[in-house]
Amino acid sequence: MTTAENDGTSPLDVEIGALNGGSASLDQYAGRAVLVVNVASKCGLTPQYAGLERLHERYAEQGFTVLGVPCNQFLGQEPGSAEEIAEFCSATYGVTFPMTEKVEVNGEGRHALYERLTGFADAEGHSGDIRWNFEKFLIGRDGEVVARFAPQTEPESAEVVAAVEKALG
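Below you will find a few notes about this structure. What you see is a predicted model, and the numbers here were worked out from it, not measured in a lab.

As a further point, take the packing of aromatic side chains. This model, assessed by the stated rule, comprises eight aromatic pairs. Plain terms: the ring middles of Tyr49 and Phe134 are 5.6 Å apart, the flat faces sit at 90° to each other, and that makes the pair edge-to-face. Here the residue Tyr49 occupies a position in helix α1 (residues 48-59), and Phe134 occupies one in the loop between α3 (112-117) and β3 (136-139), the gap between them amounting to 85 residues. Its relative accessible area of 0% is what places Phe134 among the buried residues. Pairing Phe74 with Trp132 gives two aromatic rings, centres 5.4 Å apart and planes at 50°, and the pair type is tilted. In this pair, Phe74 sits in the loop between β2 (64-70) and α2 (82-93) while Trp132 sits in the loop between α3 and β3, placing the two residues 58 residues apart along the sequence. Given the relative accessible area of 8%, Phe74 is considered buried. Residue Trp132 is classed as partly exposed on the basis of its relative accessible area of 27%.

Below is the structure:
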């Protein structure tokens, strides 16, 4: 795995809104390991919400957080309003992990958070544009990206769990 050029700033230094309004205050996660995932409610991978929630619950007390980032750029699979997204995630999957506002992860409108994440390559060497919903980035306690996982990689897979446990050290 390779990292993007480090300009001395963490992905957690950017401003992004919370799903329910106001700021998501990413700086509150400083010193925690954070799994950032672009999510969608109407995708074949949407059942990953259940695994993300279990992962969040399993490691939260050790300093870990899943951060869901809704995105509607892949075949319009996240068309809902903030209220609809929140209701779906809570009612369908019991999601308690934090969610940001809906953003773009690719293209000219790419959010600054993803500007900082996409330079990091996964184990297969893929860097750059997000390929699909549920691509995952693990940020270590030091604020640096330490791993990237393909959308199809299940949240509770051996490689994700191992990376989270290593990041929690």
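Checked against the element boundaries, Gly31 lands in the segment before β1 (33-39). In this structure, the C-alpha to C-alpha distance between Gly31 and Glu84, residues 53 residues apart in sequence, is 31 Å.

Turning next to the sheet that holds β1. Ordered by their spatial adjacency, four strands build an open sheet running β2-β1-β3-β4, and the pairing between neighbours is mixed. Since the sheet does not close on itself, it has two edges, and those belong to β2 and β4 (145-149), each with one partner. On average, each strand axis in the sheet is tilted by 20° relative to the strand beside it, whichever way the strands run. Against the sheet, α1 engages β1, β2 and β3, with an angle of about 150° to β2. Helix α4 (residues 158-168) contacts β1, β2, β3 and β4 of the sheet and is inclined by roughly 170° relative to β4.

Rules behind the numbers
Residues numbered from 1 in each chain as written. Predicted model: local features only at pLDDT ≥ 70, side-chain atom pairs only at ≥ 80, totals over all residues. Heavy atoms only, no water. Phe/Tyr/Trp six-rings, centres within 6.5 Å; stacked < 30°, edge-to-face > 60°. Helix = DSSP H or I, 4+ residues; strand = E, 2+ residues; numbered from the N terminus. Buried < 20%, exposed > 50% of the residue type's maximum accessible area, 1.4 Å probe, protein only. Pairing = 2+ DSSP bridges. Axes fitted to C-alpha atoms, helices over the stretch in contact; angles between N-to-C directions. Contact = heavy atoms within 4.5 Å.

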